[in-house]
Amino acid sequence: MKLPLNVDFTGRVAVVTGAGGVLCSCMSKALAAAGAKVALLDINQEAVQAVVEEILADGGDAIAVKCDILNEEEIQKAHETVLEKYGRTNILINGAGGNNPRCTTTSEVFEKSQLGNEKTFFDLDQDGFRFVFDINFTGEFMVTKEFAKDMLDGGNNSILNIASVNTYLPLTKIPAYAAAKEAVGNFTKWLAMYFSKSGIRVNAIAPGFLSTHQTKALFYEADGVTPTPRLGKIIEGTPMKRLGKPEELLGAVLFLLDEEASGFITGAILPVDGGYTAYSGV
């Protein structure tokens with residue numbers, strides 16, 4: 001795998017949650033290509049094992065670890081597995097997350113005529129809201145609490161959280177996801193201050209809108225070609241006038257994790273969004 005930056009993570013142990021997904025599998029491959037020993041954590045064992053096989057085939061060093069980030073016992077077992085296989089963690093990427101239809105409204109703006117005819121804010125249930133918020137934020141808290149224990153003796157240690165353009169501007173229809181990603185940004189800054197004397201840098205990237213198989217249904221009609229109105233709004237609001245690619249996150253990821261490149265950076269949230277958060281709409 002060709003890396004966008006010349007970094008060397010040889011001898012470092014990296015843990016990546018949500019590593020079976022498109023974005024974090026890409027990050028995991030990049031870390032392995034840079035020489036790190038990578039533990040890929042995901043609730044989907046089959047998905048994460050497939051990524052590990054790719055890394056091993058490319059000469060990297062990686063293991064797949066099944067882990068529900070909302071289950072404290074599974075997180076502890078995952079930590080024990082990493083310690084036994086690789087030793088103490090130096091890099092943690094909190095990448096698990098996502099949205100869910102259970103906490104998505106039908107329309108962007110409420111009108112009384114929608115009541116009883118479509119899903120409004122008043123139809124969102126507490127369990128759905130809690131699920132979306134927890135997989136994006138509470139799980140990050142739980143995983144960090146466990147793996148940051150490895151980093152307390154100083155050295156070159158780094159935590160990278162995955163924020164979002166929602167961290168700056170809440171998107172319509174997805175209140176729980178937007179709220180959770182704002183929490184991720186705030187928590188990143190809090191952790192950066194809290195661990196500032198412990199040799200742990202804590203930063204985040206804020207991805208914009210990316211073209212993946214997971215976003216295809218959101219951005220295109222059933223024919224897979226015709227753009228949805230929502231995609232039209234996204235492109236119009238993105239100064240670079242296109243969707244990003246997952247690999248375009250890697251430069252920011254590697255930069256923030258590399259001590260030589262960003263050793264004086266902590267508490268930062270770096271947008272990788274084609275200028276989306278820089279544009280006011282007028």
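Residues numbered from 1 in each chain as written. Predicted model: local features only at pLDDT ≥ 70, side-chain atom pairs only at ≥ 80, totals over all residues. Heavy atoms only, no water.

Student: How do you make sense of the pairing of strand S1 (residues 13–17) when you look at a structure like this?
Tutor: Regular strands show a simple pattern: their side chains alternate between the two faces of the sheet. Buried residues dominate S1, accounting for five of its five residues. With burial as the criterion, each face of S1 is covered, one bearing Val-13, Val-15 and Thr-17 and the other bearing Ala-14 and Val-16. Relative to strand S4 (residues 91–94), S1 runs parallel, the two sharing three bridges. Among the inter-strand pairings, Val-16 is bridged to a residue of S4, identified as Ile-93. (Buried < 20%, exposed > 50% of the residue type's maximum accessible area, 1.4 Å probe, protein only. Helix = DSSP H or I, 4+ residues; strand = E, 2+ residues; numbered from the N terminus. Pairing = 2+ DSSP bridges.)

Student: Would you mind showing me how to read the packing of aromatic side chains here?
Tutor: Counted by the stated rule, this structure contains ten aromatic pairs. Judged by centre distance (5.5 Å) and plane angle (70°), the ring pair of Phe-110 and Phe-122 falls under edge-to-face. Of this pair, Phe-110 sits in the loop between S4 and helix H4 (126–147) while Phe-122 sits in the loop between S4 and H4; the two residues are twelve residues apart in sequence, bridging distant segments of the chain. Looking at Phe-110, the relative accessible area reads 39%, which means it is partly exposed. Taking relative accessible area as the criterion, Phe-122 reaches 59% and is therefore assigned exposed. (Phe/Tyr/Trp six-rings, centres within 6.5 Å; stacked < 30°, edge-to-face > 60°.)

Student: In this structure, what is going on with the nonpolar core? I would like to understand it.
Tutor: For soluble globular proteins, the rule of thumb is that nonpolar side chains tend to be buried together. One finds Phe-9, Met-27, Leu-31, Leu-40, Ile-93 and Ile-205 to be the most contacted residues of the largest nonpolar core, which totals 35 residues. Setting aside chain neighbours within four positions, we find Met-27 in contact with Ile-93, Ile-162, Ile-205, Leu-249, Leu-250 and Val-253. Grouped together as the second largest cluster of nonpolar side chains are 34 residues, Val-13, Ile-69, Phe-137 and Ala-204 included. (Core = buried A, V, L, I, M, F, W, Y, C linked by side-chain atoms within 4.5 Å. Contact = heavy atoms within 4.5 Å.)

Student: Is there a simple way to explain the environment of Leu-210 in this structure?
Tutor: By secondary structure assignment, the location of Leu-210 is in the loop between strand S6 (200–207) and helix H6 (216–219). Once the C-alpha coordinates of Leu-210 and Val-272 are considered, the two residues, 62 residues apart in sequence, prove to be 9.9 Å apart. Excluding residues that lie within four positions of it along the chain, Leu-210 makes contacts with Leu-23, Thr-215, Phe-219, Leu-243, Gly-244, Lys-245, Pro-246 and Leu-249.

Student: What is the right way to read unusual backbone geometry from this model?
Tutor: Glycine aside, the phi torsion of most residues is negative, and most peptide linkages are trans. Positive phi values are uncommon outside glycine, yet Lys-173 reaches one of about 75°. In this fold, Lys-173 is placed in the loop between strand S5 (157–162) and helix H5 (175–194). Its identity is not glycine, yet Lys-241 carries a phi of approximately 55°, on the positive side. Position of Lys-241 relative to the elements: it lies in the loop between helix H7 (229–237) and helix H8 (250–257).

Student: Would you mind showing me how to read the sheet that holds S4 here?
Tutor: Note: strands within a sheet are paired through backbone hydrogen bonds, in either parallel or antiparallel orientation. The strand order across the open sheet formed by seven strands is S3-S2-S1-S4-S5-S6-S7, and the pairing between neighbours is parallel. Of all the strands in the sheet, the pair left with one neighbour each is strand S3 (61–66) and strand S7 (269–272). Each adjacent strand pair in this sheet contributes to an overall mean axis angle of 20°, direction not counted. Docked against the sheet, helix H1 (residues 22–33) engages S1, strand S2 (37–42), S4, S5 and S6, running at close to 175° with respect to S1. (Axes fitted to C-alpha atoms, helices over the stretch in contact; angles between N-to-C directions.)

Student: It is not clear to me how the environment of Ala-278 should be interpreted in this structure. Could you clarify?
Tutor: Mapped onto the elements, Ala-278 comes out in the segment after S7. Under the relative-accessibility criterion, Ala-278 is labelled exposed at 69%. C-alpha separation for the pair Ala-278 and Leu-171, spaced 107 residues apart in sequence, amounts to 15 Å.

Student: So what exactly am I meant to see when it comes to the pattern of salt bridges here?
Tutor: Side-chain pairing between opposite charges can occur once the charged atoms of the two side chains come close. As enumerated under the stated definition, the model contains ten salt bridges in all. Between Arg-88 and Asp-153 there is a salt bridge; the shortest N-O distance is 2.9 Å. Of this pair, Arg-88 sits in the loop between helix H3 (72–85) and S4 while Asp-153 sits in the loop between H4 and S5, and the two are 65 residues apart along the sequence. Salt-bridge contacts for Lys-241 lead to Glu-236; the nearest nitrogen and oxygen are separated by 4.0 Å. (Salt bridge = Lys/Arg side-chain N within 4 Å of Asp/Glu carboxyl O.)

Student: Just to check I follow, could you spell out the side chain of Gln-114 for this structure?
Tutor: Looking at where Gln-114 falls in the secondary structure, it is placed in the loop between S4 and H4. In contact with Gln-114, other than residues within four places in its own chain, are Ser-107, Val-109 and Thr-120.

Student: What should I look at first to understand H1 in this one?
Tutor: Given 3.6 residues to a turn, an α-helix orients residues that are three or four positions apart in the same direction. Spanning twelve residues, H1 covers 17 Å between terminal C-alpha atoms, matching the ideal 16 Å at 1.5 Å per step. With nine of twelve residues buried, H1 lies mostly within the body of the structure. Among all positions in H1, only Val-22, Cys-24, Ser-25, Cys-26, Met-27, Ser-28, Ala-30, Leu-31 and Ala-32 are buried. Just downstream of H1, Gly-35 is the residue with a positive phi angle, here 105°. (Expected span 1.5 Å × (residues − 1).)

So yeah, pure geometry; function would need other evidence.
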